[in-house]
Amino acid sequence: MSTPLLEVTGLQKHFPITAGLLRRQVAAVRAVDGIDLTVNKGETLGLVGESGCGKSTAGRLITRILEPTGGTVTFDGQDITHIKRGPLRDLRRDVQMIFQDPYSSLNPRHTVGTIVSAPLQIQKIPTPQGLKKAVQELLELVGLNPEHYNRYPHEFSGGQRQRIGIARALALKPKMIVADEPVSALDVSIQAQVVNLLDDLQRELDLTYLFIAHDLSVVRHISDRVAVMYLGKVVEVAPRDDLYAHPRHPYTVALMSAVPVPDPSRRDKAQRERVLLTGDVPSPIDPPSGCRFRTRCWKAQDVCASEQPPLTVLADGHQVACHFPVSDEEQHAAGSGRSAAAAQARDKIATVVADPE
Amino acid sequence: MVSGPGASLSEESTHDVADPAEGGVNSTTGKAIEGRSLRQIAWRRFKRDRVATAGGAFVGFLVLVAIFATPIVSLIGHPIDAFNNDLIDPTLGLPLGSFGGISGEHWLGVEPTSGRDVFSRIIFGAQTSIFVAFLAALVSTILGAILGLAAGFMGGWVDAVVSRIMDFLLAFPQLLFSIALVSVLPDSFFGLDGRLSRMAVLIGVIGFFGWPYIGRIVRGQVLSLREREFIEASRSLGARTGRILFRELLPNLAAPILVYTTLIIPTNIITEASLSFLGVGIEAPNPSWGGMLYDAKSYYQSDPTYMIIPGVCIFITVLAFNLFGDGLRDALDPKAH
């Protein structure tokens, strides 16, 4: 599309597990285990995956709240993987974060004014119009009453609190915002408001988003491209509409089939096409060899256990990490939707259940 | 409380031009929007708790008495070291008259043998108790807050070392240590007189052995607070550790620190009284509640008044501090129960 603002290659974060008196490392949780991502200027990349797949850790690595174990992160042409303290403070101006829980991301002892002005004070940004005025402009920008300057977070609803968090992230006029599940703690009716606010702000302020979420419909609404993560790996990256219409990775197929269909007349058909996965996500302490998804995949063969599939670009532009990507024929086989693939999946699952090895 | 969006827009311009004192009542809006801080909410809650308010009032009264002990005693006109041999029965050594010689002149009676005024000595004893208890609590709070913050926030070996020191101190026989320490220290040092130097020793010893109680609370709170997202948010803004510790964490620790400080003060009063009773606290001619209890034990079978008065003082003071501290905890943290 355009120039990449953020490039991530082979990014890893292993959390050590220590034991004994000497705190010897006995194992590591491979929360993020070699992911490749590119976020272009002005676009929104959605990052989806189920709980514990490492998407939040990835966000914290990119904003450099956490120190990566391996790989590289390049922001705006600058390698920020192991950036030093001084330059890191400057980087904070360009990369900001919106947090998941608006009840824990605002200090209960500070007023809204203190919270929103904190970035300006920490970064020593001059405010010619005065700090209070600057904060009130930010509050207005996110749709809050600027008169609420002296109020405390406990006096606001969840949606309003999240707006305060957004105002704080915008205070430094960042180029990129990493939003870590910004709406998953909110009521459904409020989610739309906040998502639309983020959308409007992107247009007004020329922002680039990395939007981390597990809610596929929210991601579909806001993203230009979507990356799917499973157990510390990116399994598929594709433009939004392509990904939702033609998922290539078996995990994405299963994920998409789990999206509820709001239209009752289509619900019956949708349920027949549902791909149900069995078993649990394996432990990130000891992930499966080869492809991480093979233990739950209905297309898995011997090669999947021995060789890790790299993230490669298919003919239709999808980036998929799979030895046997799901084709359109499989999805739309026999002219009656994706039921063939689903049926095949069910057969496979049935045999897996009958014979676990 | 919330005015309409249209109204707020028109207000905004006037508000900023003509409002040097922020939050002041604005004549155009009639009522400025001002948040109620958690402190104000806690104060309202505290005011509704009558028992705690009474405890707090008594604590305030005692503090005033302690501060103005010297003028109060000189106003009454019975110096603490004035002997009144004419009020003592020469054969028994007991005060003349019933109830320890309580009279219009000597409100709480006189001391057996010497005839010194008990009321004046109680006032000065209060000064000793309150000063020692408050300053020792201050020492404990400062040490406990700093070490607890460091242990909780830094973790790793700092946490391990501080936690082991706290375990060690909590298991240490404080009373025996105090007795041993006082017996080897000189009677006065640093140019302080006997009373002040002993008070300094008591403050140091009681304060030093008290900090692990605060330290544990602070460490535990920091462990839970540092996982909250606002700490992460502050870090993602580029905040230094000092700002995170003192601007983000400490305001959230103010409530538990305040509550536990008010709850260790009564313990300190009892410790001070115990040490003075054992003869290693305040030295003999100077008055202290614990010392008076010790003196009274030779006479209580014939006249218990002299024992009852300091005992009741200790009891009421400790009770008042505890009720005040409990009320404070309820007001600051209503979810604690």
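Heads up: the structure comes first, above all this text.
Residues numbered from 1 in each chain as written. Chains lettered and ligands numbered in written order. Predicted model: local features only at pLDDT ≥ 70, side-chain atom pairs only at ≥ 80, totals over all residues.

**Student:** What's the story with the sheet that holds strand 1 (residues 4-19) of chain A in this structure? I'm lost.
**Tutor:** By definition, the strands of a sheet pair up through backbone hydrogen bonds, in either a parallel or an antiparallel sense. Residue and element names in this part refer to chain A. If you trace the four strands from one edge of the open sheet to the other, you get 2-1-4-5, paired in antiparallel fashion. On the outer flanks of this sheet lie strand 2 (24-40) and strand 5 (78-79), each paired with one strand and no other. With 13 bridges connecting them, strand 1 and strand 2 associate as antiparallel partners. Each bridged residue has a counterpart across the sheet, and for Glu7 the counterpart in strand 2 is Thr38. (Pairing = 2+ DSSP bridges. Helix = DSSP H or I, 4+ residues; strand = E, 2+ residues; numbered from the N terminus.)

**Student:** Sorry, what's going on with unusual backbone geometry here?
**Tutor:** As a rule of thumb, non-glycine residues mostly have phi less than zero, and peptide bonds are mostly trans rather than cis. A positive phi is found at Lys173 of chain A, a non-glycine position, where the angle reads about 50°. Examined against the element boundaries, Lys173 of chain A turns out to sit in the loop between helix 5 (158-170) and strand 7 (176-180).

**Student:** Sorry, what's going on with the interface of chain B and chain A here?
**Tutor:** Think of interface size as the accessible area that goes away when the parts come together; that is how it is often given. Every contact between the two is made by 27 residues of chain B and, on the other side, 28 residues of chain A. Put simply, the parts of the chain that give the side of chain B that touches chain A at least two residues each are helix 1 (5-17), helix 9 (229-236) and helix 10 (241-277) of chain B. Of all the elements, helix 9 of chain B adds the most residues to the side of chain B that touches chain A, at seven residues. Split by residue class, the side of chain B that touches chain A holds eight nonpolar, nine polar and 10 charged. (Contact = placed C-beta atoms within 7 Å. Nonpolar A, V, L, I, M, F, W, Y, C, P; charged D, E, K, R; others polar.)

**Student:** Just to check I follow, could you spell out the environment of Ile214 of chain B for this structure?
**Tutor:** Residues and elements named next belong to chain B. By the secondary structure assignment, Ile214 is in helix 8 (residues 194-225). A tally of 27 C-beta atoms within 10 Å means that Ile214 is categorised as buried. Those residues within four positions of Ile214 in sequence are excluded, and the remaining contacts are Ser140, Thr141, Gly144, Ala145, Gly148, Ile257 and Tyr260. (Buried ≥ 20, exposed ≤ 12 C-beta atoms within 10 Å, placed from the backbone.)

**Student:** Explain helix 3 (residues 112-122) of chain A here, please?
**Tutor:** Two residues of an α-helix separated by three or four positions point the same way, owing to the 3.6 residues in each turn. Residues of helix 3 of chain A that are buried: Val112, Gly113, Ile115, Val116, Ser117, Ala118 and Pro119 of chain A. Buried residues belonging to helix 3 of chain A abut helix 4 (131-141) and helix 5 of chain A together with helix 9 of chain B. Two residues or fewer after helix 3 of chain A comes Lys124 of chain A, characterised by a positive phi angle close to 55°.

**Student:** Which parts of the structure should I look at to understand the sheet that holds strand 8 (residues 208-213) of chain A?
**Tutor:** Residues and elements named next belong to chain A. The strand order across the open sheet built from eight strands is 6-7-8-3-9-10-12-11, with neighbouring strands paired in mixed fashion. In this open sheet, the two edge strands, each paired with only one partner strand, are strand 6 (95-98) and strand 11 (312-313). As defined by bridge partners, strand 10 (residues 233-239) adjoins strand 12 (residues 319-320) across two bridges and the pair is classed as antiparallel. When the sheet's bridge partners are listed, Val237 is paired in strand 12 with Gln319.

**Student:** Is there a simple way to explain the environment of Pro251 of chain B in this structure?
**Tutor:** Residue and element names in this part refer to chain B. Structurally, the position occupied by Pro251 is in helix 10. Residue classification places Pro251 among the partly exposed positions, given that 15 C-beta atoms sit within 10 Å. Along the primary structure Pro251 and Trp211 are separated by 40 residues, whereas in three dimensions their C-alpha atoms are 19 Å apart.

**Student:** Explain the pairing of strand 6 of chain A here, please?
**Tutor:** Each regular strand carries side chains that alternate between the two faces of the sheet. Residues and elements named next belong to chain A. Neither face of strand 6 is open: one carries Val95 and Met97, the other Gln96 and Ile98, and all of them are buried. Bridge count between strand 6 and strand 7: four bridges; the pairing is parallel. Paired with Gln96 across the strands is Ile177, a residue of strand 7.

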